[in-house]
Amino acid sequence: EYEPGVFRVVSTDRYRIAVGELHGEHVTDTGITPGGVLVLGKSCADIAKALPKGVKSDDIPVSVLVSSDSMTVTVPGEWSRTIPTMSPDFPEYRALVKVPEGAPHPTFGINPVYMADAAKLVTGKGQVMTWHIGGELKPMYGETTSPVGRTEVSWKYLLMQVKLGA
C-alpha cells in the first residue's frame, strides 16, 4: 500500500498478520496515486532471495513501480524483477491490528526467544498452543499436548511478561 509519506507491506497466512511500514526519508513521493496491490507471498520471497547479499538494507536504494497488473522492483545497476499483482481487495486488517482509541487493554512485552521456545513444544501437525493471559504484568501460560511415541504429553509453559517503558 502507498499513501503520501508511507509505504506499507501487509502479510497474512489467515492465522497471522504482519504489517511493516517505511516512513519519512525512506519514502520518496513522486506524484504517485495512493492505493494498493496484492502480491503472492512466493513472489515476495523470490525478490527477497534475489536481493544483493552482504549489503546493509539502508545502503540499497530500491525503486518500486506498480502498474495495474504488475509490480517491478529495481536495485539500480544491480537487477530488476517484475512480478504479477492481483486485485487489491485485501481484508480490512486495520481493525484487527489496532485497539480502538479509549478502549482499555493490557500492554505488555514478551521475550521473543522464550516465546519461540514455547513454540517448539508444539510438535504435531495441526496442534495449537492455547494461551491464558491473567492481565498486565501477570504470568501467562500456554497449554498444548504433544505426541511422544504412543503417548501424548501435556505441556504447560509459564511465561512472565516484561514491563514496557512508559
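Here, the structure is the one placed above.
Here the structure is a predicted model, which means the values were calculated and not measured.

Chemist: I'd like to hear about the sheet that holds strand β3 (residues 17–23), residue by residue, with values.
Modeler: Across the sheet, three strands lie side by side as β1-β2-β3; this open sheet has antiparallel pairing. Both edges of this open sheet fall to β1 (2–3) and β3, since each of them pairs with a single strand only. For strand β2 (residues 6–12) and β3, the ladder comprises seven bridges, and the chain directions are antiparallel. In the sheet register, Val10 faces β3, and the bridge partner there is Val19.

Chemist: Break down the pairing of strand β5 (residues 70–75) for me, with residues and values.
Modeler: In terms of residue burial, β5 counts as a mostly covered element, since five of its six residues are buried. Sheet analysis places strand β4 (residues 63–66) next to β5, joined by four bridges and oriented antiparallel. Looking across to β5, one finds that Ser63 is bridged to Thr74. From the end of β4 to the start of β5, which pair antiparallel, there are three residues. Note: β5 against strand β6 (residues 79–84), six bridges, orientation antiparallel. Each residue of the ladder has a partner; that of Val73, found in β6, is Arg81.

Chemist: Kindly report on the environment of Pro34, identifying the contributing residues and their values.
Modeler: Note on placement: Pro34 falls in the loop between β3 and α1 (41–50). Here Pro34 falls in the partly exposed class, since its relative accessible area comes to 48%. For Pro34 and Val6, which are 28 residues apart along the polypeptide, the C-alpha to C-alpha distance reads 9.7 Å. In this structure, Pro34 is in contact with Tyr2, Glu3 and Pro4, ignoring residues within four places of it in sequence.

Chemist: Tell me about the pairing of β2, residues and numbers included.
Modeler: Every other side chain in a regular strand lies on the same face of the sheet, so the side chains alternate between the two faces. As paired elements, β1 and β2 share two bridges and run antiparallel to each other. Directly across from Tyr2, in β2, lies its bridge partner Phe7.

Chemist: Tell me about the pattern of salt bridges, and name the residues and values.
Modeler: Inspection of every chain in the model, using the stated rule, returns three salt bridges. In this structure, Glu143 and Lys156 form a salt bridge, with 3.8 Å as the shortest nitrogen-oxygen distance. Here the residue Glu143 occupies a position in strand β8 (residues 140–148), and Lys156 occupies one in strand β9 (residues 151–159), the gap between them amounting to 13 residues.

Chemist: Account for the sheet that holds β5, naming residues and giving values.
Modeler: Within a sheet, adjacent strands bond to each other through the backbone by hydrogen bonds, running parallel or antiparallel. Here we have three strands laid out as an open sheet, ordered β4-β5-β6, and antiparallel in their pairing. At either end of the open sheet lies a strand with only one pairing partner, and these are β4 and β6. In this sheet, adjacent strand axes meet at a mean angle of 15° when their direction is disregarded. Contacts between α1 and the sheet are confined to β5 and β6, with β6 contributing the most and set at about 175° to the helix.

About the cut-offs
- Residues numbered from 1 in each chain as written.
- Predicted model: local features only at pLDDT ≥ 70, side-chain atom pairs only at ≥ 80, totals over all residues.
- Heavy atoms only, no water.
- Pairing = 2+ DSSP bridges.
- Helix = DSSP H or I, 4+ residues; strand = E, 2+ residues; numbered from the N terminus.
- Buried < 20%, exposed > 50% of the residue type's maximum accessible area, 1.4 Å probe, protein only.
- Contact = heavy atoms within 4.5 Å.
- Salt bridge = Lys/Arg side-chain N within 4 Å of Asp/Glu carboxyl O.
- Axes fitted to C-alpha atoms, helices over the stretch in contact; angles between N-to-C directions.

That's the geometry; what it means functionally is another story.
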